[in-house]
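One-letter residues, chain by chain:
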There are 2 protein chains.
Amino acid sequence: MIKVSGKLRERIEAEELVNCMGKTITITGTIYKIRNMSGFAFVILRTKRALVQSIYSKEYTDYEITELKENSCVKLTGVVVEDSRSKKGYEVRIKNITVLSKPEEDPPVVINNKEIAASLETILDYRPITLRNDKERAIFKIQEGICIAARKFLQEQLFTEIHSPKIVYTGAEGGANIFKLDYFGKEAYLAQSPQFYKQMMVGVYDRVYEIGAVYRAEKHDTSRHLNEYISLDFEMGFIDDFTEIMEMETCMLQAVMKLLEENYAQEIALLKVNIPIIREIPAIRFSEAKDLVSKTYHREIKDMGDFEPEEERLLCEIIKKTTGSDFIFVTHYPTVKRPFYAMEDLENNEYTLSFDLLFRGVEVTTGGQRIHDYKEQVDKMLFRNMNPKLFESYLMIHKYGIPPHGGLGMGLERFTMRLLNKTNVREASLFPRDQNRIVP
Amino acid sequence: MIKVSGKLRERIEAEELVNCMGKTITITGTIYKIRNMSGFAFVILRTKRALVQSIYSKEYTDYEITELKENSCVKLTGVVVEDSRSKKGYEVRIKNITVLSKPEEDPPVVINNKEIAASLETILDYRPITLRNDKERAIFKIQEGICIAARKFLQEQLFTEIHSPKIVYTGAEGGANIFKLDYFGKEAYLAQSPQFYKQMMVGVYDRVYEIGAVYRAEKHDTSRHLNEYISLDFEMGFIDDFTEIMEMETCMLQAVMKLLEENYAQEIALLKVNIPIIREIPAIRFSEAKDLVSKTYHREIKDMGDFEPEEERLLCEIIKKTTGSDFIFVTHYPTVKRPFYAMEDLENNEYTLSFDLLFRGVEVTTGGQRIHDYKEQVDKMLFRNMNPKLFESYLMIHKYGIPPHGGLGMGLERFTMRLLNKTNVREASLFPRDQNRIVP
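Within every chain, residues take consecutive numbers counted from 1 along the sequence as written. Just so you know, chain letters begin at A and ligand numbers begin at 1, following the order they were written in. Where totals are concerned, whole chains, interfaces and linings use all residues; where local detail is concerned, this predicted model gives features only for residues with pLDDT of at least 70, and gives and counts side-chain atom pairs only at 80 or more.

Enquirer: Quick question: what am I supposed to make of the overall build of chain A here?
Expert: Numbering of helices and strands runs from the N terminus, with a helix taken as a DSSP run of H or I at least four residues long and a strand as a DSSP run of E at least two residues long. Scanning chain A for helices and strands turns up 11 helices and 18 strands. Counting the 440 residues in chain A, one finds 50% classified as buried. Partitioning the contacts of chain A with sequence separation of at least 6, the portion at a separation of at least 24 is 63%. Burial in this document is a count-based property: other C-beta atoms within 10 Å of a residue's C-beta are tallied, and the residue is buried at 20 or more, exposed at 12 or fewer, or partly exposed in between, with C-beta positions derived from the backbone. In this description, any two residues whose backbone-derived C-beta atoms lie within 7 Å of each other are considered to be in contact.

Structure, rendered in structure tokens:
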């Protein structure tokens, strides 16, 4: 029989120490750093989330510190003593240490300084250990917080969580940027987005969301592209117009910032994160945005159909200056640049009822209203020389009824990158995948 | 619920109607069913989660019901009137209906009866619309509840959520059951499990979890195998022994059942789910379990190294009869049948410190303690004729220090299937993937 309840909480967590003044406690963790001083040593323990500073002195223990190695995993027994010199208001005086596992070698990269003094390439090559750096791991606690907050918000707004398949029979986004797979002798693909599936699920639950991997076989080698990334997607039915989706995202982002400030204060402080204040997010039409950037910076517009990355950066600069907002919705993207399921603007069908969200210079979200009428969708496919027969199961939703709907996809790593003012999206991916990297 | 500026909450949700007696409300949804009676009609609206019964009568409205079609998406205005004959204690008298979108055709499968009268094959072929059946969609609300509860529990136990890559350079589980991918001219694979990555992340956060897709290129065509499925994985450091993992799972399952009972009562009632009572989960050694089944049912043991599905079923039958438990942990699986990272039992290295969890006749979880010592791991790889050079980045964790640790993976669809007493795992997958099916 398995005993339930006993062991799970027999050890103390770092966060509880502050309530243990004067007590002898046992805590587990990894020796992050040993700083030898004259006559004593600071032994810093890396625990689940916090670093715990303990004091080694022969006054308090018979344990021989020469036996202790950095990166050993230990069970440490000590007394929690009030100490005003310590940031946390206490110190842990080591009484005993039991080594539970020892490293074979010292790490080839120094991981226990404030910053890792190595190139991003090296940091990624040694990812399993460089992630142990206190700042590195804080990045992904923040990323966790974003997901927790988004899920909580979306659940409150009555979105249902779905799991859509990533092995698919056709791409949702078109184009050649799709990974091919040998699926028992048939050709299959890796999903570029959960687009078709979340639309199908709007017919079931009205509002759905998914946080999951998507795949783009893009040959871009830039600081903002990954070939596998985590997309936060939601899709909602019964919208009056596409601005409702933008409103939902605005509220979601507000909820994200609020939860981060409440529950991730230590990581925010450690990484000096500048949490954006979100009241309203301004919106500007795509064509006006192009003009604005062109006029403000005397730049020639090279491509009226899309943004260059530099234009996105400059637009955000203008918006920040004029409104104070770190975010800007760009709406009404040209029809030719949007997928076949994008709903066109009735007033001018050269533009779609769609938007991107830019955050501190980088596009982090693409969204919009989708076509819900069967004939309209089939006609648009034919106009684009697509064969509706190949999309029969997708078109079931239009044929058998679907409410007016729309949604968005947000790139989790890009969003994390800009929130933390990082410049390379790989810094915000645990194990990034690009053209040259699938290890580790 | 977060009150969003304006539009998002201007309409009422089905769950709020009970607080709207005597009021005129507007609600959106899809016409699920129209039941014409003499002189009036029941109009059943499918909303996000609930079905809402409304009453159409010429007494209350000028709207012509002949204009209304099943599967139309509508905005319905009506008065909520107390009515003791109705299950919910009220009825909604229709004042007006605005049709927001119309289907092109009637569905080829009748979806608005209690059960869909069609084969599983047909149900899956028409998945985008058959999921709209009230019972079908309830299955995946329960599945959502499992995920929500597991995340909540694991967060409380200080597990950090991770996202590991699914495009990988090597398989974690070995064997030929792995999908190959052309990754920019190099060979890559789809992850069979997040095993290596969650172990790496134990070195970072101690406790981690992930709910994500995994891929098995198995040619099994059975009622319990999917080629893409959702795995709930957790991995925890600083364990004294592998029974701590079983204890953690037991507590997680208790938390799951509790949250389902609290928040998914309507789906539990609709699907007549028999929620198992979990006090303690009995455990039995693999070899003893084989003997027990053999003796009880006078069966010959064909394979001492593994269970046949029928043996798992029979074992669960015995355990249910003798202990009342719907779950049974089977421990100490043979070393030859477990992966190279499984820790062997010091007392007898023919067996591993591992376990499976069986639930109502089917294996739903595999877990165990992992090797943390570098030399021990390298030696075991060499003994198995594996080349440690190919696993260099994985072995970093052993080389540079990792605590004693272990974890498990639980198949979400299998678990859902057995919880709901379904017999085919495809019934518990939104869009199942098997050898013959990648559409829709």
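Enquirer: What is the right way to read the relation of the copies chain A and chain B from this model?
Expert: Copy one and copy two of the chain differ by a rotation about a common axis and a shift along it. The superposition of copies rests on a least-squares fit of C-alpha positions from residues with pLDDT of 70 or more in both. The transformation that overlays chain A on chain B combines an axial shift of 0.0 Å with a rotation of 180°, and the residual RMSD is 0.0 Å. On this basis, the relationship between the two copies can be described by a two-fold rotation axis. Taking the C-alpha atom as reference, chain A places Leu181 of chain A closest to the rotation axis, 2.6 Å from it. Residue by residue, 94% of the interface of chain A is reproduced at the interface of chain B, so both copies engage with the same surface.

Enquirer: Got a minute to help me understand the domain arrangement of chain A in this structure?
Expert: Accessible area lost during the coming together of the parts is what is often quoted as the interface size. Domain delimitation in this document rests on an assignment produced automatically or drawn from a domain database. When the domains of chain A are assigned, the result is domain 1 (7–101) and domain 2 (134–428). Here the C-alpha centre of domain 2 of chain A lies 45 Å away from the C-alpha centre of domain 1 of chain A.

Enquirer: Which parts of the structure should I look at to understand the interface of chain A and chain B?
Expert: Opposite the 89 residues of chain A that make contact, chain B presents 93 residues. Gly falls in the polar group here, along with every residue not listed as nonpolar (Ala, Val, Leu, Ile, Met, Phe, Trp, Tyr, Cys, Pro) or charged (Asp, Glu, Lys, Arg). Taken together, the residues of the side of chain A that touches chain B sort by class into 48 nonpolar, 16 polar and 25 charged.

Enquirer: Would you explain the sheet that holds strand S17 (residues 362–370) of chain A in this entry?
Expert: Backbone hydrogen bonds hold the strands of a sheet together, and the pairing may be parallel or antiparallel. Residues and elements named next belong to chain A. A strand pair is defined by DSSP finding two or more bridges across the two strands. Strand order in this open sheet of eight strands is S6-S10-S11-S18-S17-S16-S13-S12, and the pairing throughout is mixed. Pairing within the sheet leaves two strands with one partner each, and these edge strands are strand S6 (160–161) and strand S12 (283–285). Helix axes are fitted to C-alpha atoms over the stretch in contact, other axes to C-alpha atoms as well, and angles between N-to-C directions run from 0 to 180 degrees. Its contacts with the sheet put helix H4 (residues 195–205) on S6, strand S10 (207–215), strand S11 (228–237), S17 and strand S18 (405–411), and the angle it makes with S10 is roughly 160°. Sheet contacts for helix H5 (residues 243–263): S11, S12, strand S13 (327–331), strand S16 (354–359), S17 and S18; angle to S18, the most-contacted strand, approximately 40°.

Enquirer: Sorry, what's going on with the sheet that holds strand S17 (residues 362–370) of chain B here?
Expert: Residues and elements named next belong to chain B. One open sheet accounts for eight strands, arranged S6-S10-S11-S18-S17-S16-S13-S12; its pairing is mixed. The open sheet is flanked by strand S6 (160–161) and strand S12 (283–285), the only strands paired with a single partner. Strand direction decides the pairing type here: S6 and strand S10 (residues 207–215), joined by two bridges, are parallel. Among the inter-strand pairings, Glu161 is bridged to a residue of S10, identified as Tyr209.

Enquirer: I keep staring at the nonpolar core and nothing clicks. Help me out?
Expert: In summary, soluble globular proteins display a tendency toward joint burial of nonpolar side chains. As used here, a nonpolar core is made of buried Ala, Val, Leu, Ile, Met, Phe, Trp, Tyr and Cys residues. They are joined through C-beta atoms within 7 Å. Ile328 and Leu358 of chain A together with Ile328 and Leu358 of chain B are the most contacted members of the largest nonpolar core, which has 242 residues in total. The contacts of Leu358 of chain A, once residues within four sequence positions are left out, are Glu312, Leu315, Cys316, Phe327, Ile328, Val330 and Glu363 of chain A.

Enquirer: Teacher, can you tell me more about unusual backbone geometry here?
Expert: Excluding glycine, residues mostly have negative phi values, and the peptide bonds linking residues are mostly trans. Going from Val439 of chain A to Pro440 of chain A, the amide bond is cis rather than trans, its omega being -5°. Tracing the backbone through its elements, the reader meets Pro440 of chain A in the segment after helix H11 (412–419). One non-glycine residue with positive phi stands out, namely Asp206 of chain A, at about 75°. Here Asp206 of chain A is to be found in the loop between H4 and S10. A tally of 24 C-beta atoms within 10 Å means that Asp206 of chain A is categorised as buried. Phi at Phe238 of chain B takes a positive value of approximately 55°, unusual for a residue other than glycine. Note on placement: Phe238 of chain B falls in the loop between strand S11 (228–237) and helix H5 (243–263).

Enquirer: Would you explain the packing of helix H3 (residues 134–156) of chain B against H5 of chain B in this entry?
Expert: Residue and element names in this part refer to chain B. Running from N to C, H3 and H5 cross one another at 130°; their axes reach a closest spacing of 8 Å. Classified by the angle between their axes, H3 and H5 sit oblique to one another. Between H3 and H5 lies a crossing whose hand is right-handed. Judged by residue contacts, Ile142, Gly145, Ile146, Ile148, Ala149, Ala150, Lys152, Phe153 and Leu154 of H3 engage Met252, Ala255, Val256, Leu259, Leu260 and Asn263 from H5. Counted by class, the contact of H3 with H5 contains 12 nonpolar, two polar and one charged residues. For classification purposes, an angle smaller than 35 degrees is called roughly parallel, one larger than 145 roughly antiparallel, one from 65 to 115 roughly perpendicular, and anything else oblique. If you view the pair so one helix is near and one far, a crossing is left-handed when the near helix is turned anticlockwise from the far one by less than a right angle, and right-handed when it is turned clockwise.

Enquirer: Sorry if this is basic, but what is going on with the packing of H3 of chain B against helix H11 (residues 412–419) of chain B here?
Expert: Two numbers describe a pair of packed helices, the interaxial angle and the distance between the axes. Residues and elements named next belong to chain B. Close contact between H3 and H11 brings their axes to 10 Å; oriented N to C, the two are set at 120°. Considering the angle they form, H3 stands oblique to H11. Like other packed secondary-structure pairs, H3 and H11 cross with a definite hand, here right-handed. Mapping the contact onto sequence places Ile139, Ile142, Gln143 and Ile146 in H3 and Leu412, Phe415, Thr416 and Leu419 in H11. Of the residues that constitute the contact of H3 with H11, the class distribution is six nonpolar, two polar and no charged.

Enquirer: Is there a simple way to think about the pairing of S16 of chain A in this case?
Expert: Both faces of the sheet carry side chains from a regular strand, because those side chains alternate between them. All names here are of chain A. Counting buried positions along S16 yields six of six residues, so the element is predominantly enclosed. Residue alternation in S16 divides its side chains into two sets, Ser354, Asp356 and Leu358 and Phe355, Leu357 and Phe359, and both sets are buried. As paired strands, S13 and S16 are joined by five bridges and run antiparallel to one another. The partner of Phe327 across the bridge, within S16, is Phe359. Relative to S17, S16 runs antiparallel, the two being bridged by six bridges. If you follow Phe355 over to S17, its bridge partner there is Gly367.

Enquirer: Looking at this structure, I do not really get helix H8 (residues 309–323) of chain A. What am I missing?
Expert: Owing to its 3.6 residues per turn, the α-helix aligns residues three or four sequence positions apart on the same side. Residues and elements named next belong to chain A. Compared with an ideal rise of 1.5 Å per residue, which puts 15 residues at 21 Å, H8 spans 21 Å between its outermost C-alpha atoms and is within 8% of the ideal. Residues of H8 that are buried: Glu311, Glu312, Leu314, Leu315, Cys316 and Ile319. The inward-facing, buried residues of H8 abut helix H7 (286–297), S13, S16 and S17. Of the residues trailing H8, Gly324 is marked for its positive phi of about 85°. Here the expected span of a helix is defined as 1.5 Å times the quantity of residues minus one.

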